[in-house]
Amino acid sequence: MVRRLAALLTVLLLSLTACGQGGQTDRTSAPSGEHITVTHTQGTTELEGSPEKIVVLDFGALDTVKALGLGDKVVGLPKRALPAFLGEFADEKFEDVGTLQEPNLETISKLDPDLVIVGFRSAAKYPELSQHWPTIDITFTSDKNLIDGTAAAAAPIAEAFGKQAEADAKIAALRAKATGLEAKGADAGKGLIVMTSGGKISLHGPKSRYGVVHTLLGVPQARENIAAESHGEPASFELLAEINPEVMFVVDRDAAIGTEGQNARQILDNELVRGTTAWQQNRLVMLDGSRWYITIHGLDNAGAMLDEAAQGLPA
């Protein structure tokens, strides 16, 4: 009797084990390649297949999403200060989800995205967002130049959608473009990067977000040792006249963030600045603040930045 019971129990245990194995097989039998692990700045994120609905909280990332042909997967984004070259995303079919710094979680919840992309201004929200939705952070460290930073920011997005080859091709094209411009940059004369904001000016050097002018294009510096502050080293018009750059690369921060007031050329139009070689030779290169101050690391935007800076180089 005891032997029969033991045998019966053995059969039951084997049956249960087989059922359990079958159940596990069913749960993990997604087609090959469906499960995706994306490595990004704040860790790794698991995706069950390529995302179909994405919320993008970084304009550089949005530019990359568009460049990789994924714009139709966007369901929400912050629309305040949306760059004109990304104007298609202002359409009402794309939900406004707050601001870059303060996304509206309730609105995002209604969209039920498969993926949320954060970066830089929105990166601090990663811990909270990742509790609710698969989230990746495309932020990169400030020691990377424009192209290396753009490559780092694009990598997690490309990985999530299987677009690595397309992203690599665009990065290769960026490197080739920068190499082609570098020789001209050396003959551009002494250059200075100036940002205007609220009627004031600040200077930016090679370690700034605009440093590509010096680091990749090779434009000589009109002033050395400019402090690597987030919004630049504050400067006076007297100092600008003293430096006397041969070419000025000018970013209008107010225009980029939608603040009303004088534009960059109006702010610089005074007796001191008019006396500089750059002004007298009409070598003020007005850079698009939306591209240089807000978007920066998009796969298409980075190329547009190089094209704009090239206006200050010899033909």
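Higher on the page you've got the structure.
Quick caveat, the model's predicted, so the values are computed rather than measured.

Undergrad: A description of the overall build of the protein should follow, citing residues and the corresponding values.
TA: Helices and strands together make up the secondary structure of the protein, namely 14 helices and 12 strands. Residue burial in the protein is summarised as follows: out of 315 residues, 47% are buried. Considering only contacts within the protein whose residues lie at least 6 apart along the sequence, 61% involve residues at least 24 apart. For the protein, the computed accessible surface area is about 15,500 Å², with 50% contributed by carbon and sulfur atoms.

Undergrad: Which residues make up the pattern of salt bridges, and what are the values?
TA: Summed over the entire model, instances satisfying the criterion amount to 9 salt bridges. In this structure, Arg 223 and Glu 233 form a salt bridge, with 2.7 Å as the shortest nitrogen-oxygen distance. Linking Arg 223 in the loop between helix H7 (212-215) and strand E10 (233-235) with Glu 233 in strand E10, this pair joins segments that are 10 residues apart in sequence. For Glu 233, a relative accessible area of 14% translates into the label buried.

Undergrad: Before we move on, could you go through the packing of helix H5 (residues 146-161) against helix H6 (residues 164-185) and cite the residues and values that matter?
TA: At a closest axis distance of 9 Å, the pairing of H5 and H6 adopts a crossing angle of 170°. Here H5 is positioned roughly antiparallel relative to H6, judged by the angle of their axes. Residues Ile 147, Asp 148, Thr 150, Ala 151, Ala 158 and Glu 159 of H5 touch H6, and the partners they reach there are Gln 164, Ala 167, Ile 171, Leu 174, Arg 175 and Ala 178. Across the contact of H5 with H6, the residue classes tally to 7 nonpolar, 2 polar and 3 charged.

Rules behind the numbers
- Residues numbered from 1 in each chain as written.
- Predicted model: local features only at pLDDT ≥ 70, side-chain atom pairs only at ≥ 80, totals over all residues.
- Heavy atoms only, no water.
- Helix = DSSP H or I, 4+ residues; strand = E, 2+ residues; numbered from the N terminus.
- Buried < 20%, exposed > 50% of the residue type's maximum accessible area, 1.4 Å probe, protein only.
- Contact = heavy atoms within 4.5 Å.
- Areas by Shrake-Rupley, 256 points an atom, 1.4 Å probe, with all protein chains shown as cover.
- Salt bridge = Lys/Arg side-chain N within 4 Å of Asp/Glu carboxyl O.
- Axes fitted to C-alpha atoms, helices over the stretch in contact; angles between N-to-C directions.
- Parallel < 35°, antiparallel > 145°, perpendicular 65-115°, else oblique.
- Nonpolar A, V, L, I, M, F, W, Y, C, P; charged D, E, K, R; others polar.

Read these as geometric descriptors, not functional statements.
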